[in-house]
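Observations on chain architecture
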Amino acid sequence: MTVRLDDVGKTYDGGAGPVTALDGVTATFDEGTFTAVMGPSGSGKSTLLHCAAGLEPPTSGAVTIAGTRLGELDETALTRLRRDRVGFVFQDFNLVSSLTAAQNVALPLRLAGRRADSDRVRAALAEVGLEDRIGHRPRELSGGQQQRVAIARALFTRPAVLFADEPTGALDNRTSHQVLTLLRDLVDRHGRTVVMVTHDPVSAAVADRVVLLVDGRITDELTGVDAAGVADRMTALERSC
Ligand SMILES: Nc1ncnc2c1ncn2[C@@H]1O[C@H](COP(=O)(O)OP(=O)(O)OP(=O)(O)O)[C@@H](O)[C@H]1O
C-alpha cells in the first residue's frame, strides 16, 4: 500500500519562535519499495516519519495512507488506522522490560482489547528468527534480537507500511546487517513498504531509493547507488550546508 505526502509542512512552536521542521514535502512511498531518508541532523527526518505515520498532524498539506487521507479521520479512526495499517520501529526498541518477547509482540493487540493467538505470536517471532527466544525478557536478549522483537511487534497486525527511525542506530555492524536483511526481505518476499531514517550510508544502500532532506525540504533522490555513492553525496551535502 502506498503512502503519499502532498506539500506537507510542519511548524513547531519553539521557545525562541516557530521552527519549520518540514517545508512543503511531496513524496510517494510505493507499495513494495524500500526508501531510506537521510539528511543532516535537524533536517526533519523524524518529523517526516511521524507525520507520514499519523503520529503527528502536519501543519499544512496532506498525508494519504492506502487511499485514506489522514486529515479527514476523527481521533478514533486515526488510532485504528495507525494500529492496523502502520508499523513503527524506534532506535531504542521501546520494548517493555518486564514482559517476555511473546508478551511484547502481543501487547498492542491486548491494549486494543483483543486476544493475540499464541500460535500467531510464535510464528511472528519465528519470522524474525527468534523462535527459541519466545520466553526471554529484553535484558536477556542482544540489541539485534531486541530490535527483531520490536519489528515482529510492529508487523503483528500486518501493517501496510513499516516506518523505522534509525532502527540500526544502537546496533553493531553484524546485528545491523541482520536487521537490514530482515527489512529488505519484508519488501522483496512479502511486498511490504518500508521507510527508514538512517545516518549510515551502508544501511541506506540496502534501500531501493535514498531521499535526501535538507532544512525540511527534499533536495535529491538517489537510486541504484552503493554505500560509497551515498557517502560521497552526504559528504558533499554536509560541505554545502
Ligand atoms: N516537538 C518539537 N518541538 C519543537 N521543535 C521540534 C520538535 N520536534 C522537532 N523539532 C525541531 O524540528 C527540526 C527537525 O527535527 P527532526 O527531529 O525531525 O530532525 P532530524 O533530521 O530527525 O534530526 P536528527 O538526525 O538529529 O535526529 C529541528 O530543528 C528540531 O529542533
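Anything mentioned here points back to the structure above.
First things first, this report covers the structure right here in the doc. (Residues numbered from 1 in each chain as written. Predicted model: local features only at pLDDT ≥ 70, side-chain atom pairs only at ≥ 80, totals over all residues. Heavy atoms only, no water.)

Read across the sheet, 4 strands follow the order β2-β1-β4-β5 without closing on themselves; strand pairing throughout is antiparallel. The sheet is open, and its two borders are formed by β2 (17-29) and β5 (68-69), each paired with just one other strand. With 2 bridges joining them, strand β4 (residues 60-65) and β5 adopt antiparallel strand pairing. Considered in β5, the bridge of isoleucine 65 is made with threonine 68. (Pairing = 2+ DSSP bridges. Helix = DSSP H or I, 4+ residues; strand = E, 2+ residues; numbered from the N terminus.)

On to the packing of helix α5 (residues 143-155) against helix α6 (residues 173-190). Between α5 and α6, whose axes approach to 9 Å, the crossing angle comes to 20 degrees. By the angle class used here, α5 and α6 are roughly parallel. Crossing angle aside, the handedness with which α5 passes α6 is right-handed. Contacts between α5 and α6 pair Gly144, Gln147, Arg148, Ile151 and Leu155 from the former with Thr175, Gln178, Val179, Leu182, Leu183 and Leu186 from the latter. (Axes fitted to C-alpha atoms, helices over the stretch in contact; angles between N-to-C directions. Parallel < 35°, antiparallel > 145°, perpendicular 65-115°, else oblique. Left-handed = near helix turned anticlockwise from the far one by under 90°. Contact = heavy atoms within 4.5 Å.)

For the rest of this paragraph, the subject is the sheet that holds strand β8 (residues 193-197). Read from one edge to the other, the open sheet built from 6 strands follows the order β6-β7-β8-β3-β9-β10, with strand pairing classed as mixed. A strand with exactly one partner marks an edge of an open sheet, and here the two such strands are β6 (86-89) and β10 (217-223). When the angles between neighbouring strand axes are averaged without regard to direction, this sheet yields 20 degrees. Across 6 bridges, strand β9 (residues 209-214) lies against β10 in antiparallel orientation. Looking at β10, one finds that valine 214 is bridged to arginine 217. Packing against the sheet, helix α1 (residues 45-52) makes contact with β3 (34-38), β6, β7 (161-165), β8 and β9, and its axis sits at approximately 155 degrees to β7.

Right, let's talk about the site of the ligand for a bit. Surrounding the ligand, one finds Tyr12, Val19, Ala21, Pro40, Ser41, Gly42, Ser43, Gly44, Lys45, Ser46, Thr47 and His199. Within the contact set of the ligand, an oxygen atom lies 2.9 Å away from a backbone nitrogen or oxygen of serine 46. The contact in question runs from an oxygen atom of the ligand to an N or O atom on the side chain of histidine 199, over 3.2 Å. Against a free-state accessible area of 640 Å², the protein chains account for coverage of 60% of the ligand. Of all elements in the fold, only β2 and α1 reach the threshold of two or more residues within the shell around the ligand. With 3 residues, the single largest contributor to the shell around the ligand is α1. Residues of the shell around the ligand, tallied by class, amount to 4 nonpolar, 7 polar and 1 charged. (Near = heavy atom within 4 Å. Polar contact = N/O pair within 3.5 Å; in protein donor to acceptor, adjacent residues only side chain to side chain. Areas by Shrake-Rupley, 256 points an atom, 1.4 Å probe, with all protein chains shown as cover. Nonpolar A, V, L, I, M, F, W, Y, C, P; charged D, E, K, R; others polar.)

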